[in-house]
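Residue-level structure breakdown
The lines below spell out each chain.
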Amino acid sequence: METLFAYQSSSALKGAIDLDVFTAIAEGNASAPDIAKRCNASERGIRILCDFLTTQEFLTKSGDRYQLAPDAAVFLNRRSPAFVGDAAKFLCGETMLDHFRDAAAFVRKGGCAVDADANTAPDHPVWVDFARAMGPLMSLPASLIADRIVPGTPEPWKVLDIAAGHGLFGITLAQRNPNAHIVALDWPNVLEVAQENARKAGVADRYQTIPGSAFDADFGTGYDVVLLTNFLHHFDPPTCEALLRKVHASMKPGGWAITLEFVPNDDKVSPAGAAMFSFVMLASTPAGEAYSFQEFDRMFRNAGFSKSEIQPLPPTEESVIISTK
């Protein structure tokens, strides 16, 4: 029953974010009338929504007054530097919901049954939505990756960020390594978001772009690092290998390909957070999947890489794979 009703929790959380309920409470509006006034909503609606959010442990309630639970205070208050609420615009947006409306249909087909070209169509607006909504959620894994690969005395790096999106992974490397020059590749409309973020981060003078498809655009050569973050899971192994051969050809000897992915164990059911991601790919891509490290290692070796190693990135549910040319 909890699973069948799960959509109600998603709806309530997204509605509260859209109405700025968490921000209103953080500002000191603790009663339903005060929250309703701040959020321009009905008192009855706010009262019932806040009671529901309390049952879900996003809020606490004492008498008729509400307070933010610790996680909500950090991540759902729009004034918090760690605010990630905008991710709901993508994760619970119409594009994603449409993919999941008929599971029987995409299971019968063996892949996305709605808008199957969303992942590859030039300038598809869904990826602008993704870049704007998901950037804050990626700041932590971007920092964790930088912690793993940026040396204590940074050397000059030429970095290619494939399917850069919001650009946070390349931008974070540029911030950690003042000698790094970033080349971001994505659709032109998405690159506008990445360039905007690069300017905000103060690295625009070391940030250039290549517009187009990762499968068609000319990467150039001489890269020390190539970033493949949350990208390979969209495609089947032969397509991934074709791209990885192209990546391999663009790199210096000894260079690193840095892959961020949900990586389940060989049994494909553990750990649960990584394993469940295959279902997301089944619903939203023609042939994507969450691949095990053994599968990734085979793809990279077939593309010419000498070795790959995997490192978990706690507290996230993803792992980083470092593949050496």
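Residues numbered from 1 in each chain as written. Predicted model: local features only at pLDDT ≥ 70, side-chain atom pairs only at ≥ 80, totals over all residues. Heavy atoms only, no water.

Most of the time, phi is negative for any residue but glycine, and the peptide bond is trans. A cis amide bond, omega -15 degrees, links Ser270 with the succeeding residue Pro271. By the secondary structure assignment, Pro271 is in the loop between strand E7 (251–261) and helix H13 (272–275). Each neighbour pair has its own omega, and for Pro314 with Pro315 the value is 10 degrees, a cis peptide bond. With respect to the helices and strands, the residue Pro315 is situated in the loop between strand E8 (307–312) and strand E9 (319–324). Backbone geometry places Glu57, a non-glycine residue, at a positive phi of 70 degrees. Examined against the element boundaries, Glu57 turns out to sit in the loop between helix H4 (43–55) and strand E1 (59–62). With relative accessibility at 65%, the residue Glu57 sits in the exposed group. Positioned with a positive phi, Ala163 is a non-glycine residue whose angle comes to about 50 degrees. Within the secondary structure, Ala163 is located in the loop between strand E3 (157–162) and helix H10 (168–176). (Helix = DSSP H or I, 4+ residues; strand = E, 2+ residues; numbered from the N terminus. Buried < 20%, exposed > 50% of the residue type's maximum accessible area, 1.4 Å probe, protein only.)

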